[in-house]
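Chain by chain, the residues:
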Amino acid sequence: PTLGRLLRARLETLIPHSYGRLADLARRFREPVKKRFKTMSQRRHFWEDIIEGPVAEMVYSNRDAEAEQALQKAIEQAGSEQLAKGEVYLVGAGPGDPDLLTFRALRLMQMADVVLYDRLVSPQILDLVRREAEQIYVGKKRAYHAVRQEEINQLLVDLAKQGKRVLRLKGGDPFIFGRGGEEISGLADEGIPFQVVPGVTAAAGCASYAGIPLTHRDYAQSVMFVTGQLKDGTVDLQWQALAQPRQTVVVYMGLAGLEIICNKLIEHGVSPDMQAALVQQGTTVSQRVFTGTLSNLSQLVSEHEVRAPTLLIIGEVVQLHERFGWYQPTADS
Ligand SMILES: C[S@@+](CC[C@H](N)C(=O)[O-])C[C@H]1O[C@@H](n2cnc3c(N)ncnc32)[C@H](O)[C@@H]1O
């Protein structure tokens, strides 16, 4: 019975809440489809495409009128090349642990014809993408295969125009230091349908798995997410705003500029003894957490050979890690 209950829960997660509305739509179009397709097998194929394709996705994302039009068009154009209309899914894959994917992310991953992924998407997550989907690595760290941002943006447009369901899988959340805005800009200009699926951003994932509440009534009433790396490679932040008391500062991509960041904060009035944490590969089985202070953090990096992806958390809340650090992955977990 326990296994049965677990399986039932698992199945329910795969069935979107708006399935009822999709069923209603399908019911209304039953007769026209019957008229248009003479054999049972033609009808089955048609409905499979609809239920697993963009029309269903439109319903799930509350675009019912658009879905109805698309279904009407699909019936009229059935058999012609026009039927296949591409769509792009910009999906946040979270910080690493596959359990942190959203239901919607998982569903779209199972529907994709082609997936564009980068360095931060873990192999375990990639494993959950539809087996038949073509995989294109567009990461920026492998020198010989680096694909420029403009090329990625163009690739999304081109693949969608070929009628493909394109999954753009990104680490964390696409709209938090993820260039999501840049990637959908070309799609918006070209009128290509797309949807954006939020993911657990590194700050939320790393903080939870390191047992560091980003806000806490006793220590921090606000939290700031900043990037330690600007487009031109410099670190130029609003130091005064970051140096405010009772605030947690989370720095993405902060390793390269770590020393500058710590020194600037101290210069702007933060105590050199202010606690700070480095969370490397947060939420994964390789997670490592190091805590120290603004004055000795750089030393910790070289001592422990801390490498990207690492998130920097600065603030009094960091002291809670010692009591709340619940996630202790073992080598074989
Ligand atoms: C280009 S940003 C992408 C952020 C992503 N869009 C998000 O919402 O998490 C990459 C930086 O995010 C942080 N990061 C992403 N995943 C991480 C993880 N699992 N552990 C620690 N830091 C991570 C690191 O600071 C890394 O350099």
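Computed from a prediction, not measured in an experiment: that's the story for all the values here.

Colleague: I'd like to hear about the sheet that holds strand β1 (residues 87-92), residue by residue, with values.
Modeller: Overall, parallel pairing links the 5 strands, which are arranged β3-β2-β4-β1-β5 in an open sheet. The sheet terminates laterally at β3 (134-137) and β5 (194-197), the two strands that pair on one side only. Neighbour-to-neighbour, the strand axes of the sheet open up by a mean angle of 15 degrees, direction not taken into account. Relative to strand β4 (residues 165-170), strand β2 (residues 114-117) runs parallel, the two being bridged by 4 bridges. Along β4, the bridge assignment pairs valine 114 with valine 166.

Colleague: How would you summarise the packing of aromatic side chains if you had to cite specific residues and measurements?
Modeller: Summed over the entire model, instances satisfying the criterion amount to 9 aromatic pairs. Geometrically, the ring pair formed by tyrosine 19 and tyrosine 60 is stacked, given 6.3 Å between the ring centres and 15 degrees between the ring planes. On the criterion of sequence distance, the pair formed by tyrosine 19 in helix α2 (residues 19-28) and tyrosine 60 in helix α5 (residues 54-60) is long-range, its members being 41 residues apart. The class of tyrosine 19 is partly exposed, set by a relative accessible area of 37%. Residue tyrosine 60 is classed as buried on the basis of its relative accessible area of 7%. Through a chain of ring-to-ring contacts, three or more aromatic side chains come together here, namely Phe37, Phe46 and Trp47. Positioned above the aromatic ring of phenylalanine 37 is the side chain of arginine 36, whose terminal nitrogen or guanidinium carbon lies 5.6 Å from the ring centre.

Thresholds, definitions, all that
Residues numbered from 1 in each chain as written. Predicted model: local features only at pLDDT ≥ 70, side-chain atom pairs only at ≥ 80, totals over all residues. Heavy atoms only, no water. Pairing = 2+ DSSP bridges. Helix = DSSP H or I, 4+ residues; strand = E, 2+ residues; numbered from the N terminus. Axes fitted to C-alpha atoms, helices over the stretch in contact; angles between N-to-C directions. Phe/Tyr/Trp six-rings, centres within 6.5 Å; stacked < 30°, edge-to-face > 60°. Buried < 20%, exposed > 50% of the residue type's maximum accessible area, 1.4 Å probe, protein only. Lys NZ or Arg CZ within 6 Å of the ring centre and 35° of its normal.

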